[in-house]
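Each chain is listed here by its residues.
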Amino acid sequence: AQSLPWSGQLRLSSEDARRSEVLAAQVVARLSPKTRLAFGYAQGADGLVAQVQGTRRPAFLVAGSPMDDSGFSKDTDFAFALRRDVGRWGLTLSGESGNAFSAATRQEIALASSRQRRESYTRIGIAIDRNWGDFDASLGASWLSEDRTILGARLHEAFGSRGADNLFLDAGAGWIFRPGWRLGGAWRQGYTSARQSGFLAPGSRFVSNGWSLDVAHSSLFQRGDSFALRVSQPLRVQSGGLNFNLPVAYSYDTLQATNGIRRLTLSPQGREITTELAWRGALLGGSANASLFYRKDPGHYANQPDDMGVGVSWNTEF
């Protein structure tokens, strides 16, 4: 019997569909000699921006870059980055949308809980970059709109939170000071304004920042490997807080309460500083990563003991 080509629809059973869930994906395309487009699923826009810019960043396990730090954990649904060469400069537009977890970045157990609430957010950004031989630099700005959270934090429904608006200003630079050696740094400055609603009064604003410094050496032990050291501070509230319009006194003569403004300062006493030494290269027919890290005041908690650790991974294709 002759085999005919299949012309029907391809369907997965409910069990196969559950098992075949896409965890993450990205596509990068060159639309023209001067234009590149990247979009991704379950990936943030910051990584896509670095990819279309051609930026090579050292890979670290714990010490992150402020360029992709929003101050809270998030689950990105969709992101894109569009870069256009304009003379010697590069102009990049980006955007992403997803859900913010109502928990601190370090509370991984809470994030894994199905009871953890998620609130939507949207972010758009613009960046410029340029290379001058062994020196490269970039500047960027992005606007992050949160529907109900305030820099990832969720207030009780009684306060009537309507979310917040955030402005992030970014600066990054790198310098190849010797063949195979690169010195890099990045800074993110954040300005957050909570929307007035319920008990939340006007003037609820605060400032945050994060930074990183790293030095990397390529082809140290073998051709194509990377050995790098990074010192970084995750995004941290530097000053400011929330204003609440609350009852502060009660008159038994008029049977009425008197409201007043009470300010909640959000700047923590602790300051997390992470130092990490990382190596990445080929090993035993696969790709290996190894890192040694030390964190002071994890999560910016002053009473948290410092922690240190070692991370090793190895993967291969077959």
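The shown structure was predicted, so the numbers you read here are calculated from the model rather than taken from an experiment.

Analysis parameters
Residues numbered from 1 in each chain as written. Predicted model: local features only at pLDDT ≥ 70, side-chain atom pairs only at ≥ 80, totals over all residues. Heavy atoms only, no water. Helix = DSSP H or I, 4+ residues; strand = E, 2+ residues; numbered from the N terminus. Buried < 20%, exposed > 50% of the residue type's maximum accessible area, 1.4 Å probe, protein only. Pairing = 2+ DSSP bridges. Polar contact = N/O pair within 3.5 Å; in protein donor to acceptor, adjacent residues only side chain to side chain. Contact = heavy atoms within 4.5 Å. Phe/Tyr/Trp six-rings, centres within 6.5 Å; stacked < 30°, edge-to-face > 60°. Salt bridge = Lys/Arg side-chain N within 4 Å of Asp/Glu carboxyl O. Core = buried A, V, L, I, M, F, W, Y, C linked by side-chain atoms within 4.5 Å. pLDDT = per-residue confidence, 0-100.

1. Some points on unusual backbone geometry
Part 1 of the argument: Positive phi is not limited to glycine here, since Leu 151 has a value of about 50°.
Part 2 of the argument: Residue placement: Leu 151 occurs in the loop between β6 (135–146) and β7 (164–178).
Part 3 of the argument: What makes Leu 151 buried here is its relative accessible area of 13%.

2. Some words on the environment of Asp 75
Part 1 of the argument: With respect to the helices and strands, Asp 75 occurs in strand β3 (residues 74–86).
Part 2 of the argument: The class for Asp 75 is partly exposed, based on a relative accessible area of 26%.
Part 3 of the argument: For Asp 75 and Phe 101, which are 26 residues apart along the polypeptide, the C-alpha to C-alpha distance reads 7.5 Å.

3. Some remarks on the pairing of strand β12 (residues 273–283)
On any regular strand, side chains alternate: one points to one face of the sheet, the next to the other face.
Part 1 of the argument: Inspection of the sheet shows strand β10 (residues 226–251) paired to β12 by seven bridges, in the antiparallel sense. Of the residues in β12, the one forming a bridge with Ala 228 is Ala 278.
Part 2 of the argument: Strand direction decides the pairing type here: β12 and strand β13 (residues 286–296), joined by 11 bridges, are antiparallel. Across the sheet, Ile 273 pairs through a bridge with Lys 296, a residue of β13.
Part 3 of the argument: Hairpin remark: β12 followed by β13, antiparallel, with two residues in the connecting loop; positive phi at Leu 284, about 55°.

4. Quick notes on the side chain of Ser 204
Part 1 of the argument: Checked against the element boundaries, Ser 204 lands in the loop between β8 (181–194) and β9 (205–218).
Part 2 of the argument: The buried category is assigned to Ser 204, whose relative accessible area is 1%.
Part 3 of the argument: A distance of 2.9 Å separates a polar atom in the side chain of Ser 204 from the backbone nitrogen of Asn 243.
Part 4 of the argument: Apart from the residues lying within four places of it in its own chain, the contact partners of Ser 204 are Thr 192, Ser 193, Ala 194, Gly 241, Leu 242 and Asn 243.

5. A look at the packing of aromatic side chains
Part 1 of the argument: Tallied over the full model, the rule gives eight aromatic pairs.
Part 2 of the argument: Where Trp 89 meets Trp 132, the ring centres are 5.8 Å apart and the plane angle is 90°; that geometry is what we call edge-to-face. Remark: Trp 132 occurs in strand β5 (residues 118–132) and Trp 89 occurs in strand β4 (residues 89–101); sequence separation between them is 43 residues.
Part 3 of the argument: A residue is classified by how much of its surface remains accessible, and Trp 89, at 38% relative accessible area, is partly exposed.
Part 4 of the argument: Here Phe 221 and Phe 227 contribute two aromatic rings whose centre-to-centre distance is 6.2 Å and whose plane-to-plane angle is 80°, an arrangement assigned as edge-to-face.

6. Here's the deal with the pattern of salt bridges
Part 1 of the argument: Going through the model one piece at a time under the given rule, you end up with 12 salt bridges.
Part 2 of the argument: When the shortest N-O distance is used, the salt bridge between Asp 46 and Arg 188 registers 3.6 Å. Taken together, the residues Asp 46 in helix α2 (residues 45–53) and Arg 188 in strand β8 connect sequence positions 142 residues apart.
Part 3 of the argument: Since its relative accessible area comes to 11%, Asp 46 is described here as buried.
Part 4 of the argument: The buried category is assigned to Arg 188, whose relative accessible area is 0%.
Part 5 of the argument: Close ionic contact of Arg 182 with Asp 136 constitutes a salt bridge, the shortest N to O distance being 3.2 Å. Note that Arg 182 is positioned in strand β8 and Asp 136 in strand β6, a separation of 46 residues in sequence.

7. Thoughts on the environment of Trp 143
Part 1 of the argument: With respect to the helices and strands, the residue Trp 143 is situated in strand β6.
Part 2 of the argument: With relative accessibility at 42%, the residue Trp 143 sits in the partly exposed group.
Part 3 of the argument: Spatially, the C-alpha atom of Trp 143 lies 5.5 Å from that of Ile 124, the residues being 19 residues apart in sequence.
Part 4 of the argument: Beyond its immediate stretch of four places on either side in the chain, Trp 143 contacts Thr 122, Arg 123, Ile 124, Asp 165, Asn 166 and Leu 167.

8. Observations regarding the nonpolar core
Part 1 of the argument: Judged by nonpolar contacts, the single largest core of 16 residues is most densely connected at Ile 150, Leu 155, Leu 200, Phe 206 and Leu 242.
Part 2 of the argument: Going through the elements one at a time, β7 and β10 are the ones with two or more residues in this core.
Part 3 of the argument: Residue contributions to this core peak at four residues, all from β10.
Part 4 of the argument: Grouped together as the second largest cluster of nonpolar side chains are seven residues, Ala 38, Leu 48, Val 49 and Ala 81 included.

9. A short note on the pairing of β3
Part 1 of the argument: Pairing of strand β2 (residues 35–41) with β3, which is carried by seven bridges, proceeds in the antiparallel orientation. Of the residues in β3, the one forming a bridge with Leu 37 is Leu 82.
Part 2 of the argument: As paired elements, β3 and β4 share 12 bridges and run antiparallel to each other. Bridge pairing links Asp 75 to Asn 99 in β4.

10. Concerning the confidence of the model for the protein chain
Part 1 of the argument: On average, the protein chain scores 84 in pLDDT, and the residues at 70 or more come to 87%.
Part 2 of the argument: The element-level mean pLDDT for the protein chain is lowest in helix α3 (residues 108–112), coming to 49, with β8 highest at 95.

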